[in-house]
Amino acid sequence: MTLSREPSMSPSKGRIHSIETFGTVDGPGLRFVVFTQGCSMRCLYCHNPDTWAMQGGTVMSVDELLEKYEVNRSFYRNGGLTVTGGEPMLQLDFVTELFAEARRRDIHTCLDTSGVCFKRDPEYLKKVDLLLDVTNLVMLDIKHIEEGRHRELTRHSNTPVLQFANYLDEKHIPVWIRHVIVEGYTDDPKEQQALGYFIGGLRNVKALDVLPYHSMGENKYSQLGMQYALQGMGDLPKEQAVRAREEILKGMRRRRLDDAGKTD
């Protein structure tokens with residue numbers, strides 16, 4: 001499946017779905033969170049289907065967003081600005097300009113992305129490098145380590161996601177990995193260990209967040225007249241996410257032992 005084009009907008013303006021002024025789960029500290037409009041992924045458990053449309057949202061400028069940030073700046077001393085989505089890398093130029101101005105104002109910047117837009121095209125990499133130059137942290141959501149299962153979950157290949165993870169490692173960009181445990185999709189311990197084995201090969205990973213599936217977005221689908229693929233699936237107990245994290249860590253430890261053995 002080909003990715004939809006970046007929403008047509010000048011670099012200094014972007015399409016914004018919504019803003020959260022006091023976010024606590026989108027990076028370190030208390031954060032100003034910008035949700036961009038537009039996403040090509042169709043994750044079965046997505047709880048924000050209203051972010052999918054490329055031409056929706058509210059058109060806002062860099063200055064408008066940062067003016068809102070400045071209103072509560074004193075609260076963000078140990079936090080900063082996070083841009084998430086939707087998929088923020090669909091508005092690459094705009095996010096780069098936003099982060100560049102934020103960094104000029106000494107604001108910590110965090111990009112929350114699926115990495116699905118990434119490609120090793122020289123011209124595209126020039127743009128990615130400009131963004132990474134003004135990015136303090138990337139939160140990378142790896143949906144599934146297995147190609148087929150990733151397509152089943154998202155309708156997309158995981159190749160660009162894993163390539164992006166490796167590229168961030170090459171560039172020494174700090175990364176937090178996120179992974180959601182969904183019953184019947186990402187709850188196989190062998191697959192969790194395989195994910196960990198991949199993550200264990202990255203030297204830039206600063207944190208691992210393993211999250212239990214929740215059904216909070218189910219009502220939103222009904223309101224939008226959409227069919228929810230996981231209708232009726234209950235929330236996953238937190239204990240299962242804790243066990244899954246241990247399996248992922250097992251895989252990470254095995255990778256590091258294997259890599260250490262190669263250098264002996």
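From a predicted model like this one, the values you see are computed outputs, not experimental measurements.

**Q** Quick rundown of the packing of aromatic side chains? Include the residues and the values.
**A** Inspection of the entire model under this criterion finds ten aromatic pairs. Centre to centre, the rings of Phe32 and Tyr76 are 6.4 Å apart; their planes meet at 65°, and the pair counts as edge-to-face. Placement of the pair is Phe32 in strand S2 (residues 31–36) and Tyr76 in the loop between helix H1 (62–71) and strand S4 (80–84), with a sequence separation of 44 residues. For Phe32, a relative accessible area of 1% corresponds to the buried category. Take Tyr76: its relative accessible area is 3%, and that puts it in the buried class.

**Q** Summarise helix H3 (residues 122–133); cite the residues concerned and give the values.
**A** The first and last C-alpha atoms of H3 sit 16 Å apart over twelve residues, in line with the 16 Å expected at 1.5 Å per residue. Those residues of H3 that fall on the buried side of the exposure criterion are Tyr124, Leu125, Val128, Leu131 and Leu132. Along the axis of H3, the buried residues cluster in a sector spanning 115°; they form a single face. Facing away from the buried side of H3 by over 90 degrees, the exposed positions are Pro122, Glu123, Lys126, Leu130 and Asp133. Considering only its buried residues, H3 is in contact with helix H2 (92–104), strand S5 (109–113), strand S6 (137–141) and helix H5 (159–170).

**Q** Quick one: what's the story with the pairing of strand S7 (residues 175–181), residue by residue and with numbers?
**A** With seven of its seven residues buried, S7 lies for the most part within the structure. Burial of the side chains of S7 extends over both faces: Val175, Ile177, His179 and Ile181 are buried on one face and Trp176, Arg178 and Val180 on the other. Of the pairings in the sheet, the one linking S6 to S7 comprises four bridges and is parallel in character. Bridging from a neighbouring strand, Asp141 pairs with Arg178 of S7. For S7 and strand S8 (residues 205–212), the ladder comprises seven bridges, and the chain directions are parallel. Within the sheet, the bridge partner assigned to Trp176 lies in S8 and is Ala207. Following the chain from S7 across helix H6 (residues 189–199) to the adjacent parallel S8, one finds a crossover that is right-handed.

Cut-offs applied
Residues numbered from 1 in each chain as written. Predicted model: local features only at pLDDT ≥ 70, side-chain atom pairs only at ≥ 80, totals over all residues. Heavy atoms only, no water. Phe/Tyr/Trp six-rings, centres within 6.5 Å; stacked < 30°, edge-to-face > 60°. Helix = DSSP H or I, 4+ residues; strand = E, 2+ residues; numbered from the N terminus. Buried < 20%, exposed > 50% of the residue type's maximum accessible area, 1.4 Å probe, protein only. Expected span 1.5 Å × (residues − 1). Arc of directions from axis to C-beta. Contact = heavy atoms within 4.5 Å. Pairing = 2+ DSSP bridges. Right-handed = clockwise from strand over helix to strand, strands pointing away.

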